[in-house]
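Below, each chain spelled out in residue letters.
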Amino acid sequence: MKHLSIKSYAKINISLNVLNKRKDGYHELDMVVLPVELHDTLIISKLKIGHDNFVTVDDFSIGNIQYNLATFAIDRLTSKYKIDQKFRVFIHKVIPTEAGLGGGSSNAAFTLKAVNKMMKLNISDDELIEIGKTLGADIPFFIKCEPARVTGIGEILEPIEVKKNYEVLIVKPVQGLSTKDVFEKCDSVEFKTGDIDMVIKALKEGDDELLAQSINNSLEPAAISLVPEIQTVKDKLYDLGFKIVQMSGSGTSVFALTTDRKLMKLAEKKLEDDYIVVRTKILKTK
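Just so it is clear, the structure is predicted and the values come from calculations on it, not from any experiment.

## As for the packing of aromatic side chains
In total, this model carries two aromatic pairs according to the counting rule given. The interplanar angle of 65° and the centroid separation of 6.0 Å between the aromatic rings of Y9 and F110 together place this pair among those described as edge-to-face. Placement of the pair is Y9 in strand β1 (residues 3-21) and F110 in helix α2 (residues 103-118), with a sequence separation of 101 residues. Given a relative accessible area of 11%, Y9 falls into the buried group. Cation over ring: K80 sits above Y81, and NZ or CZ is 5.7 Å from the ring centre.

Here it is as structure tokens:
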């Protein structure tokens, strides 16, 4: 196999609890994470000649693409398994950046999976997770890419059930935020934690009222203090009639869940002139 095209999915954090900060600087987390159909596309090919892997991205707002997580992922995998082959990776970006949707982590995870498939290495998901967790907290989730409760620093995954086929409206202010900046701010502001067990129960039973009451994101106060427009987006979604509204990850994107397509279309039309707006669905399978 010389070339491989693969979808690299986004995620939303239905709930995110920050529990404590560890001595190594990482934060202990307890999250409910769902993959969505929104995706980037990775095109990976083997280089006939070359002494290094080559990653390019068609979104110049990202900055220095040399440091894309996909580059580190390939380096870590090929070093661990003593693979001499070098690769070219082209990433067509659709997932908004600095949005809390896990785009960079997804790219890294699906690059690991793609190289594994191309080279017929038969590396297990657990082994890929071991590599991924050294690169970023969201990468282990994307190795499995299924609805899950995610704990530890992101490496402990417990599959969960989602009864309803939710449509997802993602609304992102133009301004983004880096995960690092939000966590640093979180350490200096007051935040709360939610009841993850109730969130999981609500998703399993399809109880929208319980879900709306139970969701929480500990990073939201920090993110809103840095980008107040996040709260404005939340308020607009509530005013339009959505009940299940939450900031994803470290922001700045906000999502709303519904099974009401009429409401979804109305909101998209109302908000698309002022924000980055994406309609997608919960991804039930890889």
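Picking up after the structure, the text goes on.
## Some remarks on the sheet that holds strand β8 (residues 244-247)
Taken together, the four strands give an open sheet; going across it, the order is β8-β9-β7-β10, and neighbouring strands pair in antiparallel fashion. Each edge of the open sheet carries a strand with a single partner, namely β8 and β10 (276-281). Between one strand axis and the next, the sheet turns by 20° as a mean value, whatever way the strands run. Note that β8 and strand β9 (residues 254-258) share four bridges and pair antiparallel. In the sheet register, M247 faces β9, and the bridge partner there is V254. Helix α10 (residues 261-271) rests against β7 (167-172), β9 and β10 of the sheet, and its axis sits at about 15° to β7.

## Quick notes on empty space enclosed by the protein
Empty space among the atoms can be located by rolling a probe the size of a water molecule over them. Taken as a whole, this structure holds one cavity of 30 Å³ or more when the rule is applied. Here the largest cavity defines a volume of roughly 30 Å³. As for the largest cavity, its lining consists of K11, M31, V33, A137, D138, F141, F142 and V150. Of all elements in the fold, only β2 (27-46) and α4 (139-144) reach the threshold of two or more residues within the lining of the largest cavity.

## Concerning the pairing of strand β5 (residues 148-152)
β5 sits mainly inside the fold: four of its five residues count as buried. The sheet contact formed by β2 and β5 spans five bridges and is antiparallel. Bridging from a neighbouring strand, V33 pairs with A148 of β5. Where β5 and strand β6 (residues 156-159) come together, four bridges link them in antiparallel fashion. The partner of R149 across the bridge, within β6, is E158. Turn length for the β5-β6 hairpin, with the two strands adjacent in sequence and antiparallel, is three residues, and the turn residue G154 shows positive phi of about 115°.

## Considering the packing of α2 against helix α3 (residues 125-132)
At a closest axis distance of 10 Å, the pairing of α2 and α3 adopts a crossing angle of 135°. Relative to α3, the element α2 lies oblique. As α2 runs across α3, the sense of the crossing is right-handed. Here α2 contributes L112, K113 and N116 to the contact with α3, which in turn contributes L128, I131 and G132.

## Details of α2
Taking 1.5 Å of rise per residue, 16 residues should cover 22 Å, and α2 covers 22 Å from first to last C-alpha, within 8% of that figure. Within α2, 14 of the 16 residues are buried, leaving the element largely enclosed by the surrounding structure. One or two positions beyond α2, positive phi appears at K120, with a value near 50°.

## Considerations on α10
Think of an α-helix as turning once every 3.6 residues; residues three or four places apart then point the same way. Those residues of α10 not exposed but buried are L263, M264, A267 and L271. With its buried residues spanning 100° around the axis, α10 presents them on a single face. In this structure, α10 carries K262, K265 and K269 as exposed residues pointing more than 90 degrees from its buried face. Looking at the buried residues of α10, the elements they touch are β7, α9 (229-240), β9 and β10. Its side-chain oxygen 3.1 Å from the backbone nitrogen of K262, D260 forms the N-cap of α10.

Each value, and the rule that gives it
Residues numbered from 1 in each chain as written. Predicted model: local features only at pLDDT ≥ 70, side-chain atom pairs only at ≥ 80, totals over all residues. Heavy atoms only, no water. Phe/Tyr/Trp six-rings, centres within 6.5 Å; stacked < 30°, edge-to-face > 60°. Helix = DSSP H or I, 4+ residues; strand = E, 2+ residues; numbered from the N terminus. Buried < 20%, exposed > 50% of the residue type's maximum accessible area, 1.4 Å probe, protein only. Lys NZ or Arg CZ within 6 Å of the ring centre and 35° of its normal. Pairing = 2+ DSSP bridges. Axes fitted to C-alpha atoms, helices over the stretch in contact; angles between N-to-C directions. Contact = heavy atoms within 4.5 Å. 1 Å grid on protein atoms, 1.4 Å probe; cavity = no way out; pocket = protein on both sides within 12 Å on 5 of 7 lines; lining within 4 Å. Points joined across faces, edges and corners; volume = space filled by probe spheres on them. Parallel < 35°, antiparallel > 145°, perpendicular 65-115°, else oblique. Left-handed = near helix turned anticlockwise from the far one by under 90°. Expected span 1.5 Å × (residues − 1). Arc of directions from axis to C-beta. Polar contact = N/O pair within 3.5 Å; in protein donor to acceptor, adjacent residues only side chain to side chain.

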